[in-house]
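Listed below, chain by chain, are the residues.
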Amino acid sequence: MRRMCKMICAILVLVLSISLVGCGAEDKKKGKKVAPFEVTYGGTTYDLSMDLPELIGKFEENDVYVYDVLRFERLGKNGVYKKASGIDFTQPGLRVGVASETYLGEELTDEVEANRIMYSASSLSFKADEKYSFSFGKDVSGDIRSLSGYFNLDENTYDDTVAKLYSLDTADEARETLDKACKAEGFLYSPFWRRGCIAAVYFDGKLVDLSKYTVEDIPAFAKKCREDKINTCGEAVSTIARLRYAQGITEWEVEWEKMLDSLTQVEYKCLERELTIANAAYEGIKKAKKGEIQSVYVVRVDTSGVLHIEMYRKNGKVLVLTPEDEEYIKSWR
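About the criteria used
- Residues numbered from 1 in each chain as written.
- Predicted model: local features only at pLDDT ≥ 70, side-chain atom pairs only at ≥ 80, totals over all residues.
- Heavy atoms only, no water.
- Pairing = 2+ DSSP bridges.
- Helix = DSSP H or I, 4+ residues; strand = E, 2+ residues; numbered from the N terminus.
- Buried < 20%, exposed > 50% of the residue type's maximum accessible area, 1.4 Å probe, protein only.
- Contact = heavy atoms within 4.5 Å.
- Salt bridge = Lys/Arg side-chain N within 4 Å of Asp/Glu carboxyl O.
- Phe/Tyr/Trp six-rings, centres within 6.5 Å; stacked < 30°, edge-to-face > 60°.
- Axes fitted to C-alpha atoms, helices over the stretch in contact; angles between N-to-C directions.
- Parallel < 35°, antiparallel > 145°, perpendicular 65-115°, else oblique.
- Left-handed = near helix turned anticlockwise from the far one by under 90°.
- Nonpolar A, V, L, I, M, F, W, Y, C, P; charged D, E, K, R; others polar.
- Core = buried A, V, L, I, M, F, W, Y, C linked by side-chain atoms within 4.5 Å.

Engineer: When you look at the sheet that holds strand S4 (residues 75-76) in this model, what are you seeing that I'm missing?
Structural biologist: Within a sheet, neighbouring strands are paired by backbone hydrogen bonds and run either parallel or antiparallel to one another. In spatial order, the strands read S4-S5-S17-S16-S7; together these five strands make up an open sheet with mixed pairing. Each end of this open sheet is capped by a strand with a single partner; those strands are S4 and strand S7 (102-103).

Set out below in structure tokens:
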């Protein structure tokens, strides 16, 4: 009997221990630890819930070369290196491309502070090759070099299904097929983003159900974004501009309504999916501004298998021009 009591006590202790470990992923508001939002690159795991400068510092510690994808400048945890002149892509090793907003000014204005989540918006890109790879969650990996590898479809069926997105008669059926066949949990196919991608949205590192964020009135959604000073449609605008340019329309600074009028019905339908993703990010940003959550991440894998992570953080650091600094031309504030 005494032995049986000891066994029961041991089992209770074990169950209690497991329960306490499981609590590590609970919300901070309950006084418990939040599980990190992670990406593994080149064998090292990085916590994406860090502020961007701190995250860049971790990359530097592991000899990962971080650069600005728009200006081809080297980025560091303190800002942009003044001594960096261009980027030598012939050098072997790991690289992370960063696209970050840059604020030009000595002091951060009230407008910047009020919209810090947008002014601090940044994106990271991870490109895998034979030597170095990445993994994100359990489903996304740099070992997959083509977007078709993320679907339970053979190559020909995948190509045929994507082609059907560009016909009004078959678009809905093709989109449903791709959504059901996607092996990455929570990711949807967007044909409108560059040359196509799969995408998912996370609030505080937790997957969002994108089916709840369908945009039914695109002009009204675009107007609301402008009014609230939230730009979650940058890539969509760029894609429309490219389509317009191909049609011989060279005006860039035009209203959304006029841009939408230049789209065919098929292009408009493809845009709906991209704006579903943007709408989820938009709603998350509004939640962050209210203090309900702290971060919004849009995670994509493009047709070349490159991982892109857009980061919106309520108290994110802004990259500010600092010409008086001897070592850095811009610094994080």
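Engineer: Mind showing me how you'd approach the side chain of threonine 161 here?
Structural biologist: Tracing the chain through its elements places threonine 161 in helix H5 (residues 155-164). A relative accessible area of 7% means that threonine 161 is categorised as buried. When near neighbours in sequence (up to four residues on either side) are disregarded, threonine 161 contacts Leu153, Ala174, Thr177 and Leu178.

Engineer: What is the right way to read the pattern of salt bridges from this model?
Structural biologist: Any two side chains of opposite charge can pair, given that their charged atoms come close. Under the defined criterion, the tally for this structure stands at 14 salt bridges. The salt bridge partner of lysine 330 is glutamate 73, with a shortest N-O separation of 3.6 Å. Here the residue lysine 330 occupies a position in strand S17 (residues 328-332), and glutamate 73 occupies one in the loop between strand S3 (65-68) and S4, the gap between them amounting to 257 residues. Looking at glutamate 73, the relative accessible area reads 15%, which means it is buried. Where glutamate 185 meets lysine 138, a salt bridge forms, and the shortest distance between an N and an O atom there is 3.8 Å. Note that glutamate 185 is positioned in the loop between helix H6 (171-181) and strand S11 (188-190) and lysine 138 in the loop between strand S9 (134-136) and strand S10 (140-141), a separation of 47 residues in sequence. Its relative accessible area of 71% is what places lysine 138 among the exposed residues. Connected via shared salt-bridge partners are Asp172, Arg175, Lys269 and Glu272.

Engineer: For this particular structure, what's the right way to read the packing of aromatic side chains?
Structural biologist: Here the distance between the centres and the angle between the planes together describe a pair of aromatic rings. The final tally for this structure, using the stated rule, is eleven aromatic pairs. Judged by centre distance (5.4 Å) and plane angle (85°), the rings of phenylalanine 37 and phenylalanine 136 are edge-to-face. Taken together, the positions of phenylalanine 37 in the loop between helix H1 (2-22) and strand S1 (38-41) and phenylalanine 136 in strand S9 put the pair 99 residues apart, joining distant regions of the chain. Comparing phenylalanine 37 with phenylalanine 136, the two get one shared label, buried. Pairing phenylalanine 221 with tyrosine 282 gives two aromatic rings, centres 5.8 Å apart and planes at 85°, and the pair type is edge-to-face. Of this pair, phenylalanine 221 sits in helix H7 (residues 218-227) while tyrosine 282 sits in helix H10 (residues 265-289), and the two are 61 residues apart along the sequence. Its relative accessible area of 8% is what places phenylalanine 221 among the buried residues. Ring-pair connections join several aromatic residues into one group, and the members of that group are Phe37, Phe136, Tyr202 and Tyr297.

Engineer: Whenever I open this one, the packing of H6 against H10 confuses me. Can you help?
Structural biologist: Between two packed helices, both the angle of their axes relative to each other and the distance between the axes serve to describe the pair. Taken N-terminus to C-terminus, the directions of H6 and H10 make an angle of 30°; their axes are 11 Å apart at the nearest point. Relative to H10, the element H6 lies roughly parallel. For the crossing formed where H6 meets H10, the hand is right-handed. Two secondary-structure elements touch here, H6 through Ala171, Asp172, Arg175 and Asp179 and H10 through Lys269, Glu272 and Arg273. Along the lines of polarity and charge, the residues of the contact of H6 with H10 split into one nonpolar, no polar and six charged.

Engineer: How do you make sense of the nonpolar core when you look at a structure like this?
Structural biologist: Side chains of a nonpolar character, in soluble globular proteins, are inclined to be buried together. Counting residues in hydrophobic clusters, the biggest one holds 48 residues, and the most contacted among them are Phe126, Phe136, Phe151, Ile198 and Leu307. The element best represented in this core is helix H2 (residues 52-61), accounting for four residues. Ignoring anything within four residues of it in the chain, the contact list for isoleucine 198 reads Leu147, Tyr150, Phe151, Cys182, Ala184, Phe187, Leu188, Tyr189, Val299, Arg300 and Val301. Formed by 37 residues, the second largest nonpolar core is a distinct cluster that contains Val215, Cys225, Leu275 and Tyr282.

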